[in-house]
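# Understanding the architecture of this molecule
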Amino acid sequence: MTGPRVVPVRPDFPAEDIDTVLGAVRTCLETGQLAQGAQVEAFEREMAQYTGARHAIAVASGTAALVCGLRALGDRAGGEVLVPANAFYSSAAAPLLAGLRVRLADIDAGTLAPSVRTLEQAVTEDTTGVLLVHMGGLITPDIEAIADWCAQRGLWLFEDCAHAHGSRLGGRHAGTFGVAGAFSFFATKVITCGEGGMVTTDDDELAHQVRLHRNLGKPEAWRSYHTALGENARMSELHAAVGRTQLRRLDGFLKTRDALAQRYTAGLEGLPGVRPVLPPHSPVSWYKYVVMLDPSVDRQRLRARMKDAGVQLGGEIYELPLDAQPVFTGRIPAGDHPVAADVCARHICLPLHTRMSEADADAVLRALASALESQD
C-alpha cells in the first residue's frame, strides 16, 4: 500500500470555487490591493451575517483572534482567566500573551467542556473571565448556565470557536453566547483559508478595540498614527477571498459531515471497547468525531493497527492536558483536573471530512473493529 486509503483531514475546494478565488486573486494583484480592502470587508460582513453577530473582525489566525480579543477587553481583562485543562496550546498561550494569568478548570466527560461545578472549583478572587472552548465543535448544553454564572460574578465569557464553524445550540451560533468568540480558518478546520481567524461580538467598543489591536493600534487603516499597543494581525485580501468561498459552502459541508458522523454512530453501536462523544445539539460542525476508548485499550497500538489497515487517525483533541506541556511549566499553576487528564489519555478522533465517501467511513469502522479485536 502506497499510503492510507483514508486520511484524517482534506480541505475541499470545488473547481468553480478555485476559479472564483483565482479571479479574485488576479484582481488583487492587478489593482495592488493586497490588504485592508474589499475582500476582507466582505468576508467580515458575511461572517457576521452567518453567525448572527453584530461585528466580525478578520485577523491573521485563530490565535490572533484570541490574543486581540483578550487585549481588546482592556480594563475588563486584567487578572486570571479560567481555561479548560484539555484545550489546545493557544487557549492558554493567548491569555498569557495578552498579559493575563491562567488557571485550569476540569471538564465534564460528556461535553469535553467545563461545567458550572468545575468552574466553581477553579474560580478564585483574582478570576476576571472564562475562556470556554467548543471542543470538536460541541457546544456544552451548560453554556447559558455558565454565562449566567459569569454574569452573577462579574466575569466575562469569551468563546474559543476554532472548532465550531456552523455549530448552533437553541438556534444561536457559537461565538454569540459570551462577550466575543474567536474562530480559526487554519488548513485543518471545517472551513479554511490556509491561515486566518475572526472575532465575533455584539459589543461595539470591543469590536473597535479588536480592530485597533489587529492593525498596530491605528484608528485609521493607512495612517501611521497609533493609539494602542497593537500588533500586525491583519488578514490579507488573498486569504479573505479563499475564506469567502468556503463560508458559502459551509452549510453543505455540515450536511456531508453530519451524514458521515451518523454513519459512524450507527456503526459503533454495540462495538465493545469504545464510546462516541455525541453532541447535544444540531447543527454541529463535527470538526472531530471523538471516541472514548476503554482503559484496557492501548491507544498507540490501535493507531498503528488502523494505519496498517489503511486508515490514518488524526491527532487527538488533545493528547496532553495543558499543564503537561513543557512551555507552561512555571507559567500555569498545577491543579487537579482528573477528568480532563483521563479524556486526553483515552480518546481517538476518527477521520471525518467532506472528501470522504460512505465507503470510506465503512472502511474506518472495519479497521477500528479489527484493531480492537487485536487488543485481546
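Before going into details, it helps to say that this report is about the structure given with it. (Residues numbered from 1 in each chain as written. Predicted model: local features only at pLDDT ≥ 70, side-chain atom pairs only at ≥ 80, totals over all residues. Heavy atoms only, no water.)

## What about helix α3 (residues 62-72)?
Taken across its 11 residues, α3 has nine buried, putting it largely inside the fold. Within α3, burial applies to Gly 62, Ala 64, Ala 65, Leu 66, Val 67, Cys 68, Gly 69, Leu 70 and Ala 72. The backbone nitrogen of Thr 63 has a side-chain oxygen 3.4 Å away, supplied by the residue at the start of α3, namely Ser 61. Immediately downstream of α3, the backbone of Gly 74 shows phi near 55°, a positive value. (Buried < 20%, exposed > 50% of the residue type's maximum accessible area, 1.4 Å probe, protein only. Helix = DSSP H or I, 4+ residues; strand = E, 2+ residues; numbered from the N terminus. Polar contact = N/O pair within 3.5 Å; in protein donor to acceptor, adjacent residues only side chain to side chain.)

## A closer look at the sheet that holds strand β1 (residues 55-59)
The mixed open sheet is built from seven strands, whose spatial order is β1-β9-β8-β5-β4-β2-β3. With partners counted over all chains shown, the strands left at the sheet margins are β1 and β3 (101-105), one partner each. Neighbour to neighbour, the strand axes of the sheet diverge by 25° on average, direction disregarded. Where β1 and strand β9 (residues 197-201) come together, five bridges link them in antiparallel fashion. Bridge pairing links His 55 to Thr 201 in β9. With respect to the sheet, helix α6 (residues 143-153) is in contact with β2 (80-84), β4 (127-133) and β5 (156-160), its orientation differing from that of β5 by roughly 145°. Along the sheet, helix α7 (residues 204-214) makes contact with β1, β8 (180-184) and β9, crossing β1 at roughly 10°. (Pairing = 2+ DSSP bridges. Axes fitted to C-alpha atoms, helices over the stretch in contact; angles between N-to-C directions. Contact = heavy atoms within 4.5 Å.)

## So, the pattern of salt bridges
Per the counting criterion, the structure on display carries 17 salt bridges. Among the salt bridges present, the one from Glu 144 reaches Arg 172, with a minimum N-O distance of 3.8 Å. Taken together, the residues span a long stretch of sequence, with Glu 144 in helix α6 and Arg 172 in strand β7 (residues 172-173) at a distance of 28 residues. Taken together, the shared-partner salt bridges connect Glu 16, Asp 17 and Arg 249 into one network. (Salt bridge = Lys/Arg side-chain N within 4 Å of Asp/Glu carboxyl O.)

## Description of the layout of surface pockets
By volume, the largest pocket amounts to about 570 Å³. His 163, Thr 188, Lys 189, Tyr 287 and Tyr 318 are the residues nearest the centre of the largest pocket, which is lined by 34 residues in total. Elements supplying a minimum of two residues to the lining of the largest pocket: α3, α4 (89-97), β8 and β12 (347-350). Looking at the lining of the largest pocket, the element that brings in the most residues is α3, giving three residues. Tallied by class, residues from the lining of the largest pocket come to 17 nonpolar, 11 polar and six charged. Of the voids in this model, the second largest pocket is the one considered here, and its volume is about 260 Å³. Among the elements of the structure, α2 (38-51) and α7 are those that each provide at least two residues to the lining of the second largest pocket. Of all the elements, α7 adds the most residues to the lining of the second largest pocket, at four residues. (1 Å grid on protein atoms, 1.4 Å probe; cavity = no way out; pocket = protein on both sides within 12 Å on 5 of 7 lines; lining within 4 Å. Points joined across faces, edges and corners; volume = space filled by probe spheres on them. Nonpolar A, V, L, I, M, F, W, Y, C, P; charged D, E, K, R; others polar.)

## Digging into α7
Of the positions making up α7, those classed as buried are Leu 206, Ala 207, Gln 209, Val 210, Leu 212, His 213 and Arg 214. As for α7, its buried residues are in contact with α2, β1, α3, β8 and β9. The N-terminus of α7 is capped by Asp 203, whose side-chain oxygen sits 3.0 Å from the backbone nitrogen of Glu 205.

## A closer look at the packing of aromatic side chains
Applying the stated criterion across every chain, the model contains six aromatic pairs. Ring geometry for Phe 43 against Phe 185: centres 5.2 Å apart, planes inclined by 40°, an arrangement best described as tilted. Remark: Phe 185 occurs in the loop between β8 and β9 and Phe 43 occurs in helix α2; sequence separation between them is 142 residues. Of the residues examined, Phe 43 reaches a relative accessible area of 0% and is grouped as buried. Ring geometry for Trp 286 and Tyr 289: centres 5.3 Å apart, planes at 20°, overall stacked. For the pair formed by Trp 286 and Tyr 289, the shared burial category is buried. An aromatic cluster of three or more residues is present, and its members are Phe 88, Tyr 89, Tyr 318 and Phe 328. (Phe/Tyr/Trp six-rings, centres within 6.5 Å; stacked < 30°, edge-to-face > 60°.)

## Details of the packing of α2 against helix α8 (residues 237-268)
Here α2 crosses α8 at 25°, and the two axes come no closer than 7 Å. As judged from the angle between their axes, α2 and α8 are roughly parallel. In terms of crossing hand, the pair formed by α2 and α8 is left-handed. Touching Ala 38, Gln 39, Val 40, Ala 42, Phe 43, Glu 46, Met 47 and Tyr 50 of α2 are Glu 237, Ala 240, Ala 241, Gly 243, Arg 244, Leu 247, Arg 248, Leu 250, Asp 251 and Leu 254, all from α8. For the contact of α2 with α8, the residue count by class is 11 nonpolar, two polar and five charged. (Parallel < 35°, antiparallel > 145°, perpendicular 65-115°, else oblique. Left-handed = near helix turned anticlockwise from the far one by under 90°.)

Remember, this is a structural readout, not a statement about activity or role.
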